[in-house]
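Listed below are the residues making up each chain.
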Amino acid sequence: MLTAYPRLDTTLYRHRLENGLQVLINPRPGFTKTLAYFATGYGSVHNQFILDGQTHSVPAGIAHFLEHKLFELPDTDVTARLSALGAHVNAFTSYDMTAYYVLCTGHFYESLRLLLEFVSTPYFPEESVKRELGIIDQEIGMHADSPDSRVFENLMQAMYQKFPIRQPILGTSDSIRDITPENLTLCHRAFYDPSNMVLSIVGDVDPEQVLSVIRKVLGSETRTAGEKCREETEPVSCFQPRSLDKMEISMPTFLLGFKWGRLANSQESIRLEVIGDLASEALFGESSELYLSLYDQGLIDGSFGGGFEVADDRAMLVCGGDSDDPQAVFDAVLTQAEKLSQTGIDETAFLRMKRSALGRRIRDLDSFDSTCFRLCAYALSDFDYFTFPEIYDQVTREDVRQFLLALTDRSRWSISVIEPL
Amino acid sequence: MIQTLSLAPGITLRGCTDGRFKQSVLSIQFVRTMRREEAAQNALIPAVLLRGCRAYPDLRTITARLDDLYGAGISALVRRIGDYQTTGLSCAFINDRFAMAGDTILEPMAKLLQQLLLEPVCQGDGFCEAFVESEKKNLICSLEAERNDKRAYAGAQLLRTMCREDSFGIPRLGTPEAVAAIDPVSLMAHYRKILKESPVEIFYAGGTSLSQVAQALSPLFSEMDRCYVNLPVQTPFRDAPTQALRTEEMEVAQAKLCMGFVTPITNRHEDFAAMQVFNTLFGSGQSCKLFQTVREKLSLCYSIGSGYYSSKGIVTVCAGIDSRDMEKTRDQILRLLQDCRDGRITQEELEAAKLSLISGLQTVHDSPGAMEGYYATAALSGLALSPEAYMQAVEAVTAQAVAAAAGTVQLHTTYFLKEVGSC
């Protein structure tokens, strides 16, 4: 089915195959490149699941390890084959999603066939799994030296008591040593069934030919997929109010996090995301009173920013940057949230903020990468991303004020600071 | 198709009209010769200009104006292009068809650029002191923050070590000491000099015709009192005796090995395409020799890659490794380079490298940002090839030509950042 979105001057072809796979194609006539994302709603927080009636617990970091190992096929050097087609292939794992993507300027259908084939084929020779340990150990080392990664991971550990977002996406050097060909195969069976996945394509392609390639590689059968489960009850308040760490850096860096409750459904999640982004803009965005005041006082610089983030069925507001006095910024954000929740936002400023946010989202559609990613991420939540202008239409000033009011609960805030050694 | 218009002596507008995009990009760069004594000033100026102008005297009013223009973005643009440093502003804004009926964005954006560039908030003969002091602090912080990103830091330390006598050794944004020494009056005097004598490179890609863009910008340039001075041409790497191996220690979990090589082949040289193919085959992407051997076969690293600074003729290789593996990794890198020199290059490797480069060039016209990145720097860097001519040159490269290009590459300096107290 082809839907037109006149406000965005774009169209979207949508199809669900017999095997349950969602296919989304955003046609871009006249463009040379084509980008395809093949994604599953499985990420690092899904380390407990039920498959064939049995509950399984798997090691932290396995979703990411699996992403690395899927690039192998029994008789084909995937990277070499795709390179020979001039295609660029890569992948990433987040807290709640794993995506594989291929960027082409020619030979698209052959590249797509290879992408679908290697992602859907579990092939984990013992030797190759062992070899990967050394590579991922170095990736863990690289992240350990990154203040941005560390300040975020520390914040998650301060905010959450049980939710597995406490564990790094990569796992730890210890946890990845429990990864075996057997538990990799188990996770693949649980989460890489086409019914759990989305294929999004941005480019000038023929939808029928795309469907034909998919049917040939993935077939039409559906299998039993894993069911995500989580035993924990996560408290409403943050686990710890602060986290302090030291690293080889030049000045303190910090993040503030507000813990939102569990999200009821995807519709609520999308609406809340728009409200959260507008509230962030009103509270500490570049056009806000607070931003100017903190910038003029030298308490923040251009690195300061943030927004509303969703990971699985949890959400949070996060902001931060570099500052000599993170606590002063924290206090000022809370005071301003209290003030704005009482006074509300001026109607003219609210309309200007909405117009700006909408304009930025439209500009972002020029990015193939961002469009492909968002189409996938939102489709995994059963939401049509291109209807975002209507969400903006529906959001009111009162919605934003209510959001700001929620932010006045201090027990749901944590601060993570990294200081120089 | 890219058009080039001369708006006035030394003021060049390049760009194209392309209705496929949702947004337009417009960048204005003033081109300077990279000099130690002015690098910091050139880096500071756009940040100060973005703090306020007569019509929009602070950050909040500027952002509100950008919000009114449907979330337009404007940012500082400071580049190193070979021996040149550019300073200026870059903006992106939605095309008129997404605005409310009758609203146009290009003209008000051009007006805002004019206000920011020509009507800064002044105090006496200088810029507003509070703006300058606050942006000096921010720039110093961001210079000092270079060490937070260990890979970038190690790469920069390598170039600073090997390029002591070359402009490439001058930090792109100056040094903290040079920034600290800047005062609002001398900064304004320097800025006036830039406006008067520097070549100006403007780039536009979006839905409007280039002549309309020229017209929208004409009030800006008619206001400027110009006496344009030509720049010296780009020069190849200038050698100086240096340490063959420099080691530094830091509290890090992962060591960084960076190796700097030199070659007489620059982007002005007839073997330029062969050199690019060599660099891609040797160290770019997942099918290159370094990735396939050092990472995939030997598990020595997660990240490894090479880069070719074509305006200078410098090739660098950087890898994140365990300190204990330094010599092993270094030997492997040199062995793989020797394989290239000896012509041990498979047809698959050659074709994959050529296709990778060609694919990259083919997509230049698929994004306004990529077009800006190519056309606003290529001519300045000395590269006289359009993406199409460049692709043809790559297509013609043979394995022998790659081996010959690799044969010119010589190790110059090695920089090693390692954990405190490691072997």
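Residues numbered from 1 in each chain as written. Chains lettered and ligands numbered in written order. Predicted model: local features only at pLDDT ≥ 70, side-chain atom pairs only at ≥ 80, totals over all residues.

**Some details on the overall build of chain A**
- The helix and strand tally for chain A stands at 14 helices and 15 strands.
- Here the C-alpha radius of gyration of chain A, 22 Å, is about what a compact globule of 421 residues would show, namely 22 Å.
- Across its three principal directions, the C-alpha atoms of chain A cover 60 × 50 × 40 Å.
- For chain A, buried positions account for 50% of its 421 residues.
- The contacts in chain A between residues at least 6 apart in sequence include a share of 82% that link residues at least 24 apart. (Helix = DSSP H or I, 4+ residues; strand = E, 2+ residues; numbered from the N terminus. Rg over C-alpha atoms; globule rule 2.2 N^0.38 Å. Buried ≥ 20, exposed ≤ 12 C-beta atoms within 10 Å, placed from the backbone. Contact = placed C-beta atoms within 7 Å.)

**Digging into helix α4 (residues 126-144) of chain A**
- For α4 of chain A, built from 19 residues, the straight-helix expectation of 27 Å at 1.5 Å per residue is met to within 8% by its first-to-last C-alpha distance of 27 Å.
- Where the residues of α4 of chain A are buried, they touch α1 (62-69) of chain A together with β12 (314-321) of chain B. (Expected span 1.5 Å × (residues − 1).)

**What about the sheet that holds strand β13 (residues 305-311) of chain A?**
Residues and elements named next belong to chain A.
- Spatial strand order, β11-β15-β12-β14-β13: 5 strands in an open sheet with mixed pairing. The sheet is open, and its two borders are formed by β11 (242-247) and β13, each paired with just one other strand. Each strand axis lies, on average, 20° off the axis of its neighbour in the sheet, ignoring direction.
- Pairing geometry for strand β12 (residues 253-262) and strand β14 (residues 314-322), over 8 bridges, is antiparallel. (Pairing = 2+ DSSP bridges. Axes fitted to C-alpha atoms, helices over the stretch in contact; angles between N-to-C directions.)

**Observations regarding the domain arrangement of chain B**
All names here are of chain B.
- Parsing chain B into structural domains produces domain 1 (3-222) and domain 2 (245-419).
- Look at where the C-alpha atoms of domain 1 and domain 2 centre, and you get two points 30 Å apart.
- The interface is formed by 25 residues belonging to domain 1 together with 26 residues belonging to domain 2.
- Of all the secondary-structure elements, those providing two or more residues to the side of domain 1 that touches domain 2 are β3 (23-33), β4 (73-81), α5 (150-162) and β8 (200-206). (Domains from an automatic or database assignment.)

**With respect to the interface of chain A and chain B**
- Tallying the contact residues gives 46 residues for chain A and 53 residues for chain B.
- Contributing elements (two or more residues each) for the side of chain A that touches chain B: α2 (78-84), α4, α9 (289-296) and α11 (347-364) of chain A.
- Tallying contributions element by element places α11 of chain A first for the side of chain A that touches chain B, with 9 residues.
- Residue classes in the side of chain A that touches chain B are distributed as 16 nonpolar, 16 polar and 14 charged. (Nonpolar A, V, L, I, M, F, W, Y, C, P; charged D, E, K, R; others polar.)

**Remarks on the packing of helix α11 (residues 326-341) of chain B against helix α15 (residues 399-407) of chain B**
All names here are of chain B.
- At a minimum axis separation of 7 Å, α11 and α15 run at an interaxial angle of 130°. As summarised for this structure, α11 and α15 are arranged oblique, according to the angle between their axes. Here Leu 337, Cys 340 and Arg 341 of α11 come into contact with α15, specifically with Val 402, Ala 403, Ala 406 and Gly 407.
- Residues that form the contact of α11 with α15 fall into these classes: 5 nonpolar, 1 polar and 1 charged. (Parallel < 35°, antiparallel > 145°, perpendicular 65-115°, else oblique.)

**Observations concerning the confidence of the model for chain B**
- Confidence in the prediction for chain B averages 95 pLDDT; 100% of positions are at 70 or higher.
- Among the scores for the predicted complex, ipTM is 0.92 and pTM is 0.94. (pLDDT = per-residue confidence, 0-100.)

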